[in-house]
Every structure is written in structure tokens, then in C-alpha cells.
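# Chains, contacts and geometry: an overview
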Amino acid sequence: MAKGKKTSYYDLNEAFVDPNSNVYSKAIASDLVLWVRMNPTTPQDLGPYTLAPSYNNSPTVSQGHIGVKRYDAVLCNAASSQQAEVTATSGALSFSSTVSGGTPTASSDRPFSISCWAKPTDLSAIQYLCAKEGGGAPASDAEYLLYISTSGEVVFELEDESATDSTEKITTATGVITSQKWYHVACTYDGRGTTDARNGMSIYVNGTKVSVTTGGDGTYVGMQPDHAEPLFMASR
């Protein structure tokens, strides 16, 4: 069994064991791509690639309570194009073995996971947690998306731009998320590709795997990467 040091804080670049004896192994740490801390002046990537995230249009800086601790937080507003973004021209943020702009195959998708802390101020519009943009028009084409619907559903979606924006997605029940409350949201994908991709996708809320319904449009093969396009965080 993998071992790690028990600690009161977590360094995702190293192995550790949390207070519930869950093990974060060195093998998992070696797969880390991006770890962003929303600092007041500029977001910081603490991961191994040391990418250079930035804020757009000066989102509001505040602090949030999670448990008994206070953390820096930023309030992003899609209507004002306020968000954090980061680009990796190396392709580190595109989970595909296909070259940038290439045509995906049934085996080109690669496994990945996303996790974040989020507190939606309201649900009057879709709340994007993250969105990896594709090569088409902004806010229409993407590689992958994680967002909260106006009904409080968490939606995890993959998109194949090479197949007329075909998608595979999973959606939680309504009301899983409510406004003015902090949540830890995570999603995973095992990289299986094709229209079976939905069956390799999962969503976790506050550490618990939640039930989902599956869906999609068109005939998804795999994500079509565009390494020049950014990953938006906390808005789109």
C-alpha cells in the first residue's frame, strides 16, 4: 500500500494521508497538471508545470470561511468577463493524445480529474467552474466543461468539435448545489472515448460520489484539442 505522511495541510506535489486515512500517493502526485491558488493579486499555479494563470477584468477579492479557517477567494462575474484563465501551449491542459487541431480517435482521450471549491452567489444563470476552450467561437466550442445549472445540478461535459460539437455529459439531480454555500466539487473521466465516454465519467460533491443521469448529442469520438486556447476558471 502506498504511504504518506499525515499532515494538517496538503501539498498535492507530494504523498500524504488525510485525517480520514485516505492516501494520496506519490504516483497520483506525479500526474498533477495544475493546482491553482486564488491569491488576491494574481492566481498562482503551485503544480509541477508552474503555468502562469491570470485574472481578467479584476474580479472582486474577498475571503471565505471553509470549516474554521479563512481562505483567499475571488468573486467572478461572467457578465463582466471576470475570471481566471491559464494557457498551456504544451498541451498539458488538453487530455488527448491527438495533436492540436487534429482529428480525435476512439483511443485518443486520456483520463483526467478536476476538483475545486466553489460558492455560487446565485443560480440565476449557469455558473461555470471551469471550461477548457476549443478552437471555435468563444463560449460555444470547448474540450471539457464543469458547471452548475440554474436548477442546482452539477454538469460535467466533454465535447468533440471535429464531429459537429458532439458531446458526452453527466448531470446530477437538481438541488445538489444551492447558492451562498461552499462546496467541494470534483469530476473524473477514465478516458475511454466514443459514445461510451459518459459511462466513464463521475461527479463527487463534498467527497461523496453522487448519482447522475447520462446524455449527449451527436456521435462523440474524442475531445479535439486546441493547445492555444485557455482554460477558464470560475467563469467563462
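Our subject in this report is the structure included herewith. (Residues numbered from 1 in each chain as written. Predicted model: local features only at pLDDT ≥ 70, side-chain atom pairs only at ≥ 80, totals over all residues. Heavy atoms only, no water.)

### Let's talk about the overall build of the chain
How we decide: By definition, any uninterrupted DSSP run of H or I lasting at least four residues is a helix, any uninterrupted run of E lasting at least two residues is a strand, and each is numbered from the N terminus. The atom set for the radius of gyration is the C-alpha atoms, and the globule formula is 2.2 Å times the number of residues raised to the power 0.38. Residue burial is assigned from relative accessible area. The probe radius is 1.4 Å, only protein chains are included, and a residue is buried under 20% of its type maximum, exposed over 50%, and partly exposed in between. Whether two residues are in contact is decided by their heavy atoms, any of which lying within 4.5 Å being enough. Only the protein chains shown count as covering a residue, and every accessible area follows the Shrake-Rupley method with a 1.4 Å probe. Asp and Glu count as negative and Lys and Arg as positive, but His and the ends of the chain are not part of the count. Where a charge sits is defined by one atom per residue type, namely NZ (Lys), CZ (Arg), CG (Asp) or CD (Glu).
Of regular secondary structure, the chain possesses one helix and 19 strands. Computed over its C-alpha atoms, the radius of gyration of the chain comes to 17 Å, within 12% of the 18 Å expected for a compact globule of 236 residues. A total of 236 residues make up the chain; the buried ones form 44% of that total. Long-range contacts, defined here as pairs at least 24 residues apart, represent 57% of the contacts in the chain between residues at least 6 apart. Counting every atom, the chain has about 11800 Å² of accessible surface; 50% of that belongs to carbon and sulfur. Separation between the mean location of the 16 positive side-chain charges and that of the 24 negative ones in the chain comes to 13 Å.

### Remarks on the sheet that holds strand S13 (residues 154-160)
For clarity, the cut-off: Paired strands, in this sense, are two strands between which DSSP finds at least two bridges. Axis geometry follows a simple rule: fit a line to the C-alpha atoms, using only the stretch in contact for helices, then measure angles between N-to-C directions, giving values from 0 to 180 degrees.
Taken in spatial order, the eight strands make up an open sheet running S6-S9-S19-S11-S12-S13-S14-S18, and their pairing is antiparallel. The sheet is open, and its two borders are formed by strand S6 (54-56) and strand S18 (212-217), each paired with just one other strand. The mean angle between the axes of side-by-side strands here comes to 20 degrees, regardless of whether they run parallel or antiparallel. Two strands pair when backbone bridges link them, and strand S14 (residues 166-172) and S18 are joined in this way by six bridges, in the antiparallel orientation.

### Focus: the sheet that holds strand S17 (residues 208-209)
Sheets are built from strands that pair by backbone hydrogen bonding, the pairs being arranged parallel or antiparallel. The sheet built from four strands is open, its strands ordered S10-S15-S16-S17 with antiparallel pairing. The open sheet has two free edges, formed respectively by strand S10 (112-118) and S17, since each of these has just one partner strand. For strand S16 (residues 201-205) and S17, the ladder comprises two bridges, and the chain directions are antiparallel. Residue pairing across strands places tyrosine 204 opposite lysine 209, the latter belonging to S17.

### Thoughts on the pairing of strand S11 (residues 127-133)
A regular strand places its side chains so that they alternate between the two faces of the sheet. In terms of burial, S11 is largely enclosed, as five of its seven residues are buried. Relative to strand S19 (residues 231-233), S11 is paired through three bridges, and the arrangement is antiparallel. In the strand pairing of S19, lysine 132 is matched with leucine 231.

### Description of the packing of aromatic side chains
Where two aromatic rings form a pair, the distance of their centres and the angle of their planes describe that pair. The test is simple: Between 30 and 60 degrees the pair is tilted, below 30 it is stacked and above 60 it is edge-to-face, where a pair is any two Phe, Tyr or Trp rings, Trp via its six-membered ring, whose centres lie within 6.5 Å. For a Lys NZ or an Arg CZ to count as sitting over a ring, it must be within 6 Å of the ring centre and within 35 degrees of the ring normal.
With the rule as written, the count across this model stands at eight aromatic pairs. Between phenylalanine 95 and phenylalanine 112, the ring centres sit 4.5 Å apart and the planes meet at 10 degrees, which makes this aromatic pair stacked. With phenylalanine 95 in the loop between strand S9 (83-86) and S10 and phenylalanine 112 in strand S10, this pair connects stretches of sequence that are 17 residues apart. One Lys or Arg, arginine 236, reaches over the ring of tyrosine 128 and ends 5.4 Å from the middle of that ring.

### Details of the side chain of aspartate 160
Counted only if it meets this: Think of a salt bridge as a Lys or Arg side-chain nitrogen and an Asp or Glu carboxyl oxygen that are within 4 Å of each other. Definition of a polar contact: a pair of N or O atoms within 3.5 Å, with one able to donate and the other able to accept a hydrogen when the atoms are protein atoms, and with sequence-neighbouring residues admitted only if both atoms are side-chain atoms.
The topology assignment puts aspartate 160 in strand S13. Of the buried charged residues, aspartate 160 lacks a salt bridge, with arginine 198 as the closest side chain of opposite charge at 12 Å. Only 3.5 Å separates the side chain of aspartate 160 from the backbone nitrogen of glycine 222, close enough to count as a polar contact. Once residues lying within four places of it in the same chain are set aside, the contact partners of aspartate 160 are Pro104, Asp165, Ser166, Thr219, Tyr220, Val221, Gly222 and Gln224.

### Describing the environment of leucine 46
In this structure, leucine 46 sits in the loop between strand S5 (44-45) and S6. Excluding residues within four positions of it along the chain, leucine 46 makes contact with Asn13, Trp35 and Arg37.

### Looking at the environment of threonine 41
With respect to the helices and strands, the residue threonine 41 is situated in the loop between strand S4 (36-37) and S5. It is 9.1 Å that separates the C-alpha atoms of threonine 41 and serine 54, two residues lying 13 residues apart in sequence.

### A closer look at the nonpolar core
Stated precisely, the cut-off is as follows: Buried residues of nine kinds, namely Ala, Val, Leu, Ile, Met, Phe, Trp, Tyr and Cys, make up a nonpolar core once their side-chain atoms join them within 4.5 Å.
Grouped together as the largest cluster of nonpolar side chains are 38 residues, with contacts concentrated most on Phe112, Tyr144, Leu146, Phe156, Leu158 and Tyr189. For this core, the secondary structure elements donating two or more residues are S9, S10, S11, strand S12 (142-148), S13, strand S15 (183-189), S16 and S19. When residues in this core are grouped by element, the largest group, four residues, is from S15. Among residues more than four places away in sequence, those in contact with phenylalanine 112 are Phe95, Tyr144, Phe156, Leu158, Cys187, Thr188, Tyr189 and Met223.

### Points about the environment of isoleucine 170
With respect to the secondary-structure elements, isoleucine 170 resides in strand S14. Owing to a relative accessible area of 0%, isoleucine 170 belongs among the buried residues under this scheme. Here the alpha-carbon distance between isoleucine 170 and threonine 213, two residues 43 residues apart in the chain, equals 5.6 Å. Apart from the residues within four sequence positions on either side, isoleucine 170 is in contact with Val154, Val155, Phe156, Arg198, Met201, Ser202, Ile203, Val212, Thr213 and Thr214.

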